[in-house]
Each structure stands twice: as structure tokens, then as C-alpha cells.
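These are the residues of each chain, in order.
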Amino acid sequence: MTTAVEHIDVLIVGAGLSGIGAACHVSRTFPRRTYLLLESRAALGGTWDLFRYPGIRSDSDMYTMGYRFKPWAAEDAIARGGSILEYLRETAAEYGVDRHIRFRHRVVRAEWSGADNHWIVRAERTDTGETVVFTAGFLLSCSGYYRYDAGYRPEFAGTERFAGPIVHPQFWPQDLDCAGKRVVLIGSGATAVTLAPALAERGAHVTMLQRSPSYIVSMSAHDRLALAARRILPAPAAHAFARAENIVYSTALYQFSRRNPEGMRKRIRGWQQRWLPEGYDIDTHFTPRYDPWDQRLCIAPGGDFFRAIRHGNLDMVTDRIETFTESGLRLTSGVTLEADIVVTATGLNLLAFGDVEFVVDGAPVEMAANMSYKGMMLSGVPNFAYVLGYPNASWTLKADLVSEYVVRLLKYMDKHGYARCMPVRDPSVRSESLFPGFTPGYVRRAAKLFPVQGDRAPWRLSANYLRDLVTLRFGRIADRAMLFQRARRGAEIGVGEQVSTPNG
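Residues numbered from 1 in each chain as written. Predicted model: local features only at pLDDT ≥ 70, side-chain atom pairs only at ≥ 80, totals over all residues. Heavy atoms only, no water.

A. Up close: the side chain of Ser214. With respect to the helices, strands and loops of the structure, Ser214 is situated in the loop between β10 (205-210) and β11 (216-219). A polar atom in the side chain of Ser214 sits 2.7 Å from the backbone oxygen of Ser188. Contact partners of Ser214, with chain neighbours within four places excluded, come to Ser188, Gly189, Phe286, Pro288, Tyr290 and Cys298. (Helix = DSSP H or I, 4+ residues; strand = E, 2+ residues; numbered from the N terminus. Polar contact = N/O pair within 3.5 Å; in protein donor to acceptor, adjacent residues only side chain to side chain. Contact = heavy atoms within 4.5 Å.)

B. Region of interest: the packing of aromatic side chains. Applying the stated criterion across every chain, the model contains 27 aromatic pairs. Aromatic pair Trp275 and Phe306: ring centres 6.3 Å apart, planes at 25°, arrangement stacked. Within this pair, whereas Trp275 is found in helix α8 (residues 261-275), its partner Phe306 is found in helix α10 (residues 304-310), the two being separated by 31 residues in sequence. Classification of Trp275 by relative accessible area gives partly exposed; the value is 21%. Relative to Tyr386, the ring of Phe353 has its centre 4.9 Å away and its plane inclined at 65°; by these criteria the two rings are edge-to-face. In this pair, Phe353 sits in the loop between β18 (348-350) and β19 (357-360) while Tyr386 sits in strand β23 (residues 384-386), placing the two residues 33 residues apart along the sequence. By relative accessible area, which is 4% here, Phe353 ends up buried. Joined through ring pairs, the aromatic side chains of Trp112, Trp119, Phe353, Phe358, Phe384 and Tyr386 make up one cluster. One residue, Arg267, lies across the ring of Phe256, its end atom 5.0 Å from the ring centre. (Phe/Tyr/Trp six-rings, centres within 6.5 Å; stacked < 30°, edge-to-face > 60°. Buried < 20%, exposed > 50% of the residue type's maximum accessible area, 1.4 Å probe, protein only. Lys NZ or Arg CZ within 6 Å of the ring centre and 35° of its normal.)

C. Looking closely at the pairing of strand β6 (residues 131-141). The buried fraction of β6 amounts to nine of the eleven residues, a majority that puts the element mostly inside the structure. The pairing of strand β1 (residues 6-13) with β6 spans seven bridges and is classified as parallel. For Glu6, the partnering residue across the bridge sits in β6 and is Phe134. Sheet analysis places strand β5 (residues 118-125) next to β6, joined by six bridges and oriented antiparallel. Paired with Glu124 across the strands is Thr131, a residue of β6. Between β5 and β6, which pair antiparallel one after the other, the connecting turn spans five residues, and Gly129 there sits at a positive phi close to 85°. (Pairing = 2+ DSSP bridges.)

This is how it looks when you write it as C-alpha cells:
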């Protein structure tokens, strides 16, 4: 069944961290404009509602992971998942966004009609199976890039023989009792680094089995400077200070890592030596083959990961799995690990733009054939933007900037009477991977699902918040890469605002 078509000015796909923030920006700027969030799940929060494994927390400080317009008020700079979810619910209620969410609406197709200057968006009701159709003047994808219905787990030999439960963190059973159990935790990324000390706190003896190590650094769960600023400054000023402090620190750390990777390696090793028992085999278990920030650094708040090792509750094993056995795992070295429970923190599967089928005037959009414009729009795709956060900083920093740019873009179109905007690809711009130099397995597996980037601005993706701040918050809306058109056929183009010449 299909219901009557409903028209929306701004249609947002996803009611997670990005979608709620985007809706707040739209509603604050355009109080009379209609907007709607379509959420495939039954609750808002996205990742923070889905993931319920022990210890789930932020991997960025909350002063930058929280919204610019909504200060993070709790004391923890690294926050538990439940606190983050409550923050999102509070934000949605405060700005009235929760009244504009349609839950259990999974968007499956979005087709641009040039004749009508709008999107035709089809969504499936996951509860009733009916098809719901919307038209939208502007479409904003805030669906993140995780596949929510399936995590990544490699094929391991002999899993059918293992007598105990094999659990993926993405689908954690809330009644799983780990107290007094031997838990083998497979993985070396942020999820494993979060789970290991959390399971140890629940009384498990944890063996973290990794094929290769990751960089793990300790970070205080509380930001002393930010807390001090709260005591002496007005709330808005304290919030601005805390954000600025954390942005500068994380940017400096990233830039130092890229420019002097060997120096950063030495610093990380020095930090780890302070936490680990004397003589611990750092070379085997904590020295990756790649440079810092080729993959995201894993954070141990308050050194909890290292404390679990020092207290004897967490063992590290760096080896490969030969096969599961009835009582554990046999490794290629011949070592056997006994286990009551095996947790496969082996990663996530990615989806580009929620796996929505995009069509523009009857032609399917092949994502890998399109070029990303300013890291937030696609060449040849009108009235569309998306949010992909930074790999090297808080996701929300980029999400906020994209939302700010979108409202600036819509205001510009209103002022000049434009019905559509579209980045037009310059054929002289050479294409590159959207994620150059960022090498985690989940990115490598899904690279072909995403658009490409160019070798120069505005087609080149920036991993620098301060640079994006200038470009997206204050930069020109009308540039040589953006085509604006009015509604009537044979559309009139603003002077100097149509771009696309072979020389850029």
C-alpha cells in the first residue's frame, strides 16, 4: 500500500547525532519552513541507541562531540553511551525536533525530478510494510555510514564446534553474564579497547586476541581546564573555551602525527611505558605497522585499559586464529586459549548514504562515479547534501559545519529566487579516493561504495576543522563549481554563478 504524497521543504534522513543537529539548525533558521526526519529504527539516537555493549562511550571529547549550540553540561569529557543518548533526547525535545521524526521509516529510493525541482522519496514502513512517498525541496542525508543490521565478522574455522556463546558487540545480549568467565575478545580497535576493561570490571578474565596491534593512548575522563573555566566564566564563554581548547589540542596532535610520525610513535610509547608493568612487551602488543592516525587512535579514559593489564584482569595475545575448538581457540603458533565466551569485536560494515537508491532525472547515480564537493555534496546531484564526520576528530564538528552551510545555502537560494543548486564537476580535476591515507579495514572494504574526491579545492576533502571552519561557515556560497537555477524551464543562471569550464 502507498499513502498520499506529502511535501516537505527539507527532508532529513536519519535521527542520530547528525540528523538531530541538522534539524535544530534548520528549525532555528527557518521557523516557517517544513522539515521532517525519517528514521528507520524505532528510536532516535542512531549509534548511541543501537550499541549497548558494556562500557560503550564516546571516543572524542564531548565538548566537541556535543553540538556548538547545545553545551555539554556533564563533568565527564569522555561520556558513557547512556549519557550521550540522554543528551540527544534532551536536545531533540528542547528544540521540538522530536515532534518531526517519523520512526520506522526506512528510505529506499530518492529520485530527483528536474521538471518539478524536487525529490521524490520512497520509504518503507518497517512495522507495517507499507510504502510512504514524500516530495522534498532539499534532501539531507544524515544516516552515518554504519550498517545497522549486520556487523562485520570474518569467517573463522570451527565456530560450530565451540560450546559457548559467540557474541558480536553490535548485538550484545543484555542478559549475558560474564562474571567469573573466561572471555576471549577478538579485535584491536576502539570497540575492543572499550570492552576489555568494562568486561574485566564485571568480573571476567579477559584475553584480548589481536591479529595486529593498534595505537592505544590514555586520556583523562575529565578536562580540568574546561571544568575550571566553568567555575570562573559565564556558561557560554566556558563552553566556547572548552570547545576551542579541545579543537586546538586534537588538531595539533593530528598535525604533529602526520608531519613527524616517528616522533609521535616515540611519544605514544613513552606514555604507554608509564602505564604498563616494567618490561612489558610493547613491541609485540602495542606497536602497529602503520603510522599514527593512518587509523584512528584508540582512547583509554583514565588509563582503564592499562589498569586492567596491571591488575592481572586483561591479557594481550598477538597471533592469528587457526580454528575454534570445543573449549576455545587454537592459534597458528600452536597456543590454545580456553574460553567460556568469545566476543568478536572485529569491526563494522559500512553503507554509503543508508544504501538508498539515488536517481537523477531517470539516470541512476553511481556513487563511485561522482565527486564530493566540499566533503558534503555530490557532483551532478541537485539539492542534496550529506554528513560524513572527520576520521581524525569529533564527528559532530563536521556535522555542525555541514548543517550551517546548508542553511546558508538555502538562505542564499531564497534571496536570489533559485529552485536548485548543483555542483558541476570540472573534468580537469583528477579523482582520488575519498579516504586517502586512512586505512582501517572497514574503510578499505567499503571504499568503492563512496564517491571520489578531487585533487584540489573545492573538490578535495579536508581533514582540518579549522580550514573547514573558514570555508563552510564563512566562505562564498556561489563559486565556480556551483550551478544555480531558477524554477522555470530554460532556467536563467545568475551571472558568474554557473561553473564549469574545462579549466575550472
